[in-house]
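Architecture and fold: a report
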Amino acid sequence: MTITITAFERSPDGGKGLARDTRVRWALEEVGQPYQVRPVSFRAMKEPAHLALHPFGQIPTYEEGELALFETGAIVFHIAERFPGLLPGDADARARAITWMFAALSTMEPPILELTNARLLEGDKPWAQERLPLVQDRVRTRWAQLVARLGAADWLDGAFSAGDLMMVSVLLRSRASGILDEFPTLAAYVARGEARPAYQRAYAAQAAVFATP
Ligand SMILES: N[C@@H](CCC(=O)N[C@@H](CS)C(=O)NCC(=O)O)C(=O)O
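Read on for a plain summary of the structure.

Cut-offs used in this document
- Residues numbered from 1 in each chain as written.
- Predicted model: local features only at pLDDT ≥ 70, side-chain atom pairs only at ≥ 80, totals over all residues.
- Heavy atoms only, no water.
- Core = buried A, V, L, I, M, F, W, Y, C linked by side-chain atoms within 4.5 Å.
- Buried < 20%, exposed > 50% of the residue type's maximum accessible area, 1.4 Å probe, protein only.
- Helix = DSSP H or I, 4+ residues; strand = E, 2+ residues; numbered from the N terminus.
- Contact = heavy atoms within 4.5 Å.
- Pairing = 2+ DSSP bridges.
- Axes fitted to C-alpha atoms, helices over the stretch in contact; angles between N-to-C directions.
- Right-handed = clockwise from strand over helix to strand, strands pointing away.

**Focus: the nonpolar core**
Ranked by size, the top nonpolar core spans 54 residues in total, and within it Tyr62, Ile79, Trp143, Met167 and Leu171 carry the most contacts. Sorting the residues of this core by element identifies strand 1 (3-8), helix 1 (21-30), helix 4 (72-82), helix 5 (91-120), helix 6 (128-150), helix 7 (162-171), helix 8 (184-195) and helix 9 (197-211) as the ones contributing at least two each. For this core, the leading source of residues is helix 5, giving ten residues. Leaving out residues up to four positions away in the same chain, Tyr62 has contacts with Ile3, Thr4, Ile5, Leu28, Leu67, Ala68, Leu69, Ile75, His78, Ile79 and Phe83.

Following this line, the structure appears as structure tokens:
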């Protein structure tokens, strides 16, 4: 059955892998599933046809036959459940991998989004410079806690899983701020994720959109 995802027609990052379709592409590459991409413009994202797929007018979405999904957590979870390769067979290990997916999205991603908003949307406000260090420190607190848990391990819980895929996808969003490189353990963890052939293919596929005139 054909899988179709949506992605930015023109991504604000110019194809550097920060748009969230990259994590969905990565998951599909890890499990060896081919997929099609339907690019959407910012205007089309807010129009009824796309809103029927994604109530918040965002990308990515995922369609597979009659099934239509939004939210990368749900999409990656669905891919990991449907196709082998991203979740362990052992029930407890599987539950822990899923826990890490939730941790990536609900504990780690919010502070980095707050930082992105503080830098890009609020940078011109009179209080911005006073607030920025507070927001940066909230990111550092979570990153330091993750370092403590990861220790010298390659991945969060045994073999690479959907939990690592999601965590790496979130952490790499902190590179532009310089905070990722303050934590060499996490920078190396992200580099391990990015070195995976499946990530490389996903990255190349989303970057190719912007290489064409
Ligand atoms: N929680 C959502 C966030 C989706 C999201 O923020 N998508 C961004 C692209 S990375 C987007 O569509 N931004 C345009 C907009 O919100 O208008 C998910 O993980 O899928």
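**Side note on the sheet that holds strand 1**
Pairing within the open sheet is mixed, and its four strands lie in the order 2-1-3-4. Two strands in the sheet have a free side with no partner beyond their single neighbour: strand 2 (36-40) and strand 4 (67-70). Adjacent strand axes in the sheet meet at a mean angle of 20°, parallel and antiparallel pairs treated alike. Two elements, strand 3 (residues 61-64) and strand 4, share four bridges in a ladder whose sense is antiparallel. Within strand 4, the residue paired with Tyr62 across the bridge is Leu69. Here helix 4 sits on the sheet in contact with strand 3 and strand 4, set at roughly 130° to strand 4.

**What to know about the pairing of strand 1**
Most of strand 1 is tucked away, with six of its six residues classed as buried. The pairing of strand 1 with strand 3 spans three bridges and is antiparallel. Each bridged residue has a counterpart across the sheet, and for Thr4 the counterpart in strand 3 is Glu63. Bridge analysis of strand 1 against strand 2 gives five bridges, and the strand direction is parallel. Looking at the pairing, Thr4 lines up with Gln36 of strand 2. In the classification by handedness, the crossover that spans strand 1, the intervening helix 1 and the parallel strand 2 is right-handed.

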